Amino acid sequence: MTRRPTSPWLLPALLGSAAALGASALYAASMTREAERRTPPIGAFITVDGVRLHYVERGRGEALVLIHGNGTMIQDFLSSSIVDDLAERFRVIVLDRPGYGYSDRPRGVWTPRAHATLYQKALRQLGVRQAVVLGHSWGALVAVALALQAPHLVRSLVLASGYYYPTLRADAALASPAAIPIIGDVLRRTVSPIIGRALLPAMIKGMFAPAAIPERFDREFPTDMMLRPLQLRASAEDAAMMTPVTVELQQHYRELELPVAIIAGGGDQIADVGRQSQRLHDELPNSTLIVVPGLGHMIHHLAPERVVEAVELASKQSRAAAA
């Protein structure tokens, strides 16, 4: 019996691939260290059910909780002007969601309801009895879940640029491989940060389109933090979960009896206004819809004064309802 000769290129190809992955891993680790050196924690930490959460507080008064979307972190709100403005009248609390910024993300299924359970316990630790809750994009799902699970805690909702109803999404399909354990772990520690660095400018541009990226966001938001392995995992998992979780949550929207302010950019290219914000408004009789023409997904950066107005409206309506 004769043995088939080994292809002469196979061993060099394997060695070359291993060397390339090793170099990518070293580069990704170096990128992570440099990103965290330039952007250290800016707030305090609490531990909830073994999960260490990073948060910041600004101002005094009625509690207002801000929940960021997919891929971002606390600095998303801080690099807009809404925290500065709202802190003059509210006790503003912003947490890095699990896996983002400097918050932990243990292995598990991090649905909006799982987030909501963690937020409820975190707010209790922070002495918050009632709050207005604002969620942006994926964070709007967390805000809705929190209101459904803890109606005594959430006085009113502000939902900005949200995704509420299932649709076919190419970004969710593309994110799925990076969310798979082991395979995704290898990708996130080798090639994903490098690919992500190349794709990030176009992705951020799409988040603001059709408007331009504001100078303050460009100057202050630490985009390199988005490319760390843990944050890439969180972002991939959230993207992969987006459609499935809305299938469950949409069955409960009519249970929301509290005041809800819904705000979106009329030109949003991430979450279609008609299919998402308008449809939710039509389903919730106690809601107000604000659509700002010509603006994109990052409405809190592009029309911060309108978002502040929405928060103040939701707060006023909740006080009137309680009177």
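Residues numbered from 1 in each chain as written. Predicted model: local features only at pLDDT ≥ 70, side-chain atom pairs only at ≥ 80, totals over all residues. Heavy atoms only, no water.

A.B. asks: Would you mind showing me how to read the packing of helix 4 (residues 112-125) against helix 5 (residues 138-149) here?
C.D. replies: Two quantities define a packed helix pair, namely the angle between the helix axes and the distance between the axes. Interaxial distance between helix 4 and helix 5 falls to 8 Å at its minimum, and their mutual angle equals 65°. Taken together, the axes of helix 4 and helix 5 lie roughly perpendicular to each other. Here helix 4 and helix 5 pass one another in a crossing that is right-handed. For the pair formed by helix 4 and helix 5, the contact residues are Pro112, Arg113, His115, Ala116, Thr117, Tyr119, Gln120 and Leu123 on the first element and Trp138, Leu141, Val142, Ala145, Leu146, Leu148 and Gln149 on the second. Class assignment for the residues of the contact of helix 4 with helix 5 results in 10 nonpolar, 4 polar and 1 charged. (Axes fitted to C-alpha atoms, helices over the stretch in contact; angles between N-to-C directions. Helix = DSSP H or I, 4+ residues; strand = E, 2+ residues; numbered from the N terminus. Parallel < 35°, antiparallel > 145°, perpendicular 65-115°, else oblique. Left-handed = near helix turned anticlockwise from the far one by under 90°. Contact = heavy atoms within 4.5 Å. Nonpolar A, V, L, I, M, F, W, Y, C, P; charged D, E, K, R; others polar.)

A.B. asks: What am I meant to see in the sheet that holds strand 1 (residues 44-48) here?
C.D. replies: Strand pairing within a sheet occurs via backbone hydrogen bonds; the two strands may be parallel or antiparallel. Taken in spatial order, the 8 strands make up an open sheet running 1-2-4-3-5-6-7-8, and their pairing is mixed. Two strands close off the open sheet at either side, each with one partner strand: strand 1 and strand 8 (287-292). Sheet twist, expressed as the mean angle between neighbouring strand axes with direction ignored, is 25°. The sheet contact formed by strand 5 (residues 131-136) and strand 6 (residues 154-160) spans 6 bridges and is parallel. Looking at strand 6, one finds that His136 is bridged to Ala160. Contacts from helix 4 reach strand 1, strand 2 (51-58), strand 3 (62-67) and strand 4 (90-95), with the element oriented near 120° to strand 1. Set on the sheet, helix 13 (residues 304-322) makes contact with strand 3, strand 4, strand 5, strand 6, strand 7 (260-265) and strand 8; between it and strand 6 the angle comes to about 155°. (Pairing = 2+ DSSP bridges.)

A.B. asks: Explain the pattern of salt bridges here, please?
C.D. replies: A side chain with one charge can pair with a side chain of the opposite charge if their charged atoms come near. All chains considered together, the criterion is met by 22 salt bridges. Between Arg91 and Glu57 there is a salt bridge whose closest N-O contact spans 2.8 Å. Of this pair, Arg91 sits in strand 4 while Glu57 sits in strand 2; the two residues are 34 residues apart in sequence, bridging distant segments of the chain. Residue class for Arg91 comes out buried when judged on its relative accessible area of 18%. On the basis of relative accessible area, Glu57 is assigned to the partly exposed category, the value being 30%. Salt-bridge contacts for Glu62 lead to Arg319; the nearest nitrogen and oxygen are separated by 3.7 Å. Pair noted here: Glu62 is in strand 3 and Arg319 is in helix 13, with a separation of 257 residues, a long-range link. Overall, Glu62 belongs to the buried group, its relative accessible area being 17%. By relative accessible area, which is 44% here, Arg319 ends up partly exposed. (Salt bridge = Lys/Arg side-chain N within 4 Å of Asp/Glu carboxyl O. Buried < 20%, exposed > 50% of the residue type's maximum accessible area, 1.4 Å probe, protein only.)

A.B. asks: How do you make sense of the environment of Gln250 when you look at a structure like this?
C.D. replies: Tracing the sequence through the fold places Gln250 in the loop between helix 10 (229-249) and strand 7. Along the chain, Gln250 and Tyr165 lie 85 residues apart, while their C-alpha atoms are 6.5 Å from each other. Not counting residues up to four positions away in its chain, the partners in contact with Gln250 are Tyr164, Tyr165, Pro166, Arg279 and Glu283.

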